[in-house]
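Results of the structural survey
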Amino acid sequence: NAEYIKYIAAFFNLEPQANELFAATQTSYAQASSGKAAKPLVVAWVSYNEKSDWSAESFVVSQAAYKTTMVTDVGATNLDAATALAGIKDLAVKDAVPGKPASGKTYTIPTNGDKAAASSAFFAALKGVDVVVDEVYAMDPTTYNFESFLTAYGLSSSSDLKFVKNKMVLR
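Residues numbered from 1 in each chain as written. Predicted model: local features only at pLDDT ≥ 70, side-chain atom pairs only at ≥ 80, totals over all residues. Heavy atoms only, no water.

Some remarks on helix 6 (residues 146-153)
- Every buried residue of helix 6 is listed here: Phe146, Phe149, Leu150, Ala152 and Tyr153. For helix 6, the angular spread of the buried residues around the axis is 165 degrees, confining them to a single face.
- The opening residue of helix 6 is Asn145, an N-cap whose side-chain oxygen sits 3.0 Å from the backbone nitrogen of Glu147.
- At the C-terminal side of helix 6, Gly154 shows a positive phi close to 75 degrees. (Buried < 20%, exposed > 50% of the residue type's maximum accessible area, 1.4 Å probe, protein only. Helix = DSSP H or I, 4+ residues; strand = E, 2+ residues; numbered from the N terminus. Arc of directions from axis to C-beta. Polar contact = N/O pair within 3.5 Å; in protein donor to acceptor, adjacent residues only side chain to side chain.)

This is the structure in structure tokens:
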């Protein structure tokens, strides 16, 4: 709830500005949640898993139901991962919660020892994505930034991917 801005403004005699800001915030949220964008943004929730004792090195697209619901609630569109990733070698598709199909799907692309090739295939499939929600694990999240994202996923800042060019990578 954005009304806290009005409460704080009272301490600084800034009520008129706070009311304007609150009204603008309400309007923006209403427009976003009503899907008024001319062309909805395409969103993908992605992660990169380094090789470890409990995980093979891989790239992942998560389409857990709660994530896809958040995307559609703001008028955006989820990546059609089933179609976009269909031709990728060794693609593994699992329920987001094992045994619960209604929980959504998780799409995992193993690197099979060739991270560059897997990254290339993964991001070729994501070429139409406007916004990426990066879920990569960072030991120290305060030091993880856009450059860290590019490095982790094997990308460069000169990439033609829309979300890289527009720096639309959310964490």
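Some thoughts on the pattern of salt bridges
- Tallied over the full model, the rule gives five salt bridges.
- The closest approach of N and O atoms between Asp95 and Lys105, which form a salt bridge, is 2.6 Å. Of this pair, Asp95 sits in strand 4 (residues 92-97) while Lys105 sits in strand 5 (residues 100-110); the two residues are 10 residues apart in sequence, bridging distant segments of the chain.
- For Asp130, the salt bridge is made with Lys162, and the minimal N-O distance between the two is 3.1 Å. (Salt bridge = Lys/Arg side-chain N within 4 Å of Asp/Glu carboxyl O.)

A few points about the packing of helix 5 (residues 115-125) against helix 6
- One can describe the packing of helix 5 onto helix 6 by two numbers: an axis separation of 9 Å at closest approach and a directional angle of 110 degrees. Overall, the two elements helix 5 and helix 6 adopt an arrangement that is roughly perpendicular. Note on element contacts: helix 6 touches helix 5 through Thr151, Ala152 and Tyr153, opposite Lys115, Ser119 and Phe123.
- Partitioning the contact of helix 5 with helix 6 into residue classes produces three nonpolar, two polar and one charged. (Axes fitted to C-alpha atoms, helices over the stretch in contact; angles between N-to-C directions. Parallel < 35°, antiparallel > 145°, perpendicular 65-115°, else oblique. Contact = heavy atoms within 4.5 Å. Nonpolar A, V, L, I, M, F, W, Y, C, P; charged D, E, K, R; others polar.)

Some words on helix 3 (residues 65-73)
- Listed as buried for helix 3 are Lys67, Thr68 and Val71. Taken down its axis, helix 3 places every buried residue within 95 degrees of arc, on the same side.
- Once helix 3 ends, the next one or two residues include Gly75, with phi positive near 85 degrees.

Observations regarding the environment of Ser28
- Among the structural elements, Ser28 can be located in helix 2 (residues 15-34).
- For Ser28 and Thr108, which are 80 residues apart along the polypeptide, the C-alpha to C-alpha distance reads 35 Å.

Focus on the environment of Pro141
- With respect to the secondary-structure elements, Pro141 resides in the loop between strand 6 (131-134) and helix 6.
- Between the C-alpha atoms of Pro141 and Arg171, which are 30 residues apart in sequence, the distance is 9.6 Å.

Observations concerning the packing of aromatic side chains
- The tally for this structure, following the rule as stated, stands at 12 aromatic pairs.
- Both rings, one in Phe146 and one in Phe149, keep their centres 6.1 Å apart while their planes meet at 25 degrees; by these two values the pair is stacked. Here Phe146 and its partner Phe149 are both found in helix 6, three residues apart, which amounts to about one turn of the helix. In this pair, the class of Phe146 matches that of Phe149, namely buried.
- Cluster of aromatic residues (ring-pair linked, three or more members): Tyr48, Phe59, Phe122, Phe123, Phe146, Phe149, Tyr153 and Phe163.
- Between the NZ or CZ atom of Lys6 and the centre of the ring of Phe22, over which it lies, the distance is 4.2 Å.
- Across the ring face of Tyr48, the terminal group of Lys115 is positioned such that the distance to the ring centre comes to 4.2 Å. (Phe/Tyr/Trp six-rings, centres within 6.5 Å; stacked < 30°, edge-to-face > 60°. Lys NZ or Arg CZ within 6 Å of the ring centre and 35° of its normal.)

The analysis is restricted to geometry; functional conclusions fall outside its scope.
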